[in-house]
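Understanding the architecture of this molecule
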Amino acid sequence: MNNRLAAKAVLSLGLGLALVPGAALAHTGVMPHDHSGLAAGLMHPLSGIDHLAAMVAVGLWATSLGRRAMLIVPAAFMAAMVVGAGIGWAGIELPAIEQVIAGSVVVLGLIATLQLRVPTAAASALVALFALFHGHAHGAEMPELAGPVAYGLGFLIATAALHAGGLGLGVIGARAGGAFARLPGAAVTLTGLALFAGL
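Just so it is clear, the model here is predicted, and its values are computed rather than measured.

With respect to the packing of helix α3 (residues 49-65) against helix α4 (residues 67-89)
Close contact between α3 and α4 brings their axes to 7 Å; oriented N to C, the two are set at 150°. When the axis of α3 is compared with that of α4, the two are roughly antiparallel. Here α3 runs over α4; the crossing is right-handed. Packed against α3, whose contacting residues are M55, V58, A62, T63 and L65, the element α4 presents A69, M70, V73, P74, F77 and M81 at the interface. In the contact of α3 with α4, the residues fall into 10 nonpolar, 1 polar and no charged.

Okay, here's the thing in structure tokens:
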């Protein structure tokens, strides 16, 4: 039974990554045809494998930290992402955005793989730092005709769904136990390394 649960976890992550459209087009302004705001915001975290993988990894790591962290760590990511989106929307530049975003995928994937145990506050601070850069990308690439409130709500909903997916994979992995619990994090790490190779 444990092996079957682990297989489902890996298959779910693999299918999720495979269904992401145009991983190489992560930040090229590819947006849905509906630029009203909500639809564009919903699609932006899904338009690049960098956002998708990092947000799933946040959920994976939070699961290994315990029940309290399962709420607080993703919430810290989302709150900091809103701040970063505001910075990006205002046109304020952050250094090495693409490198930091790709690096966040590698680091969060490694942490999730190792199931690194740290205080919830420390985990929240680290994911918040990375979220500033992910949020900046969301804000800087908001379509001109999109309303910022609807757009922001859209990317928050998508981010929460990705965190929830990571939490679910983490729970399945924990039930499976052993090396199988580390496979989704390893997949995220490899994704981050591939992103770095493409920069």
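Right, picking up where we left off after that structure.
A closer look at the environment of A123
Residue placement: A123 occurs in helix α6 (residues 120-140). Using a relative accessible area of 0% as the deciding quantity, one classes A123 as buried. Sequence spacing of A123 and A69 is 54 residues, and the spatial spacing of their C-alpha atoms is 8.4 Å. Filtering out sequence-adjacent residues up to four positions away, A123 remains in contact with W61, L65, V73 and V118.

Brief notes about the packing of α3 against helix α7 (residues 148-176)
Look at α3 against α7: their axes get within 7 Å of each other, and the N-to-C directions meet at 45°. Taken together, α3 and α7 sit at an angle that is classed as oblique. Seen along the crossing, α3 lies across α7 with a hand that is right-handed. On α7, the residues touching L52, M55, V56, V58, G59, L60, A62 and T63 of α3 are T159, L162, H163, G166, L167, L169, G170 and V171.

Criteria and thresholds
Residues numbered from 1 in each chain as written. Predicted model: local features only at pLDDT ≥ 70, side-chain atom pairs only at ≥ 80, totals over all residues. Heavy atoms only, no water. Axes fitted to C-alpha atoms, helices over the stretch in contact; angles between N-to-C directions. Helix = DSSP H or I, 4+ residues; strand = E, 2+ residues; numbered from the N terminus. Parallel < 35°, antiparallel > 145°, perpendicular 65-115°, else oblique. Left-handed = near helix turned anticlockwise from the far one by under 90°. Contact = heavy atoms within 4.5 Å. Nonpolar A, V, L, I, M, F, W, Y, C, P; charged D, E, K, R; others polar. Buried < 20%, exposed > 50% of the residue type's maximum accessible area, 1.4 Å probe, protein only.

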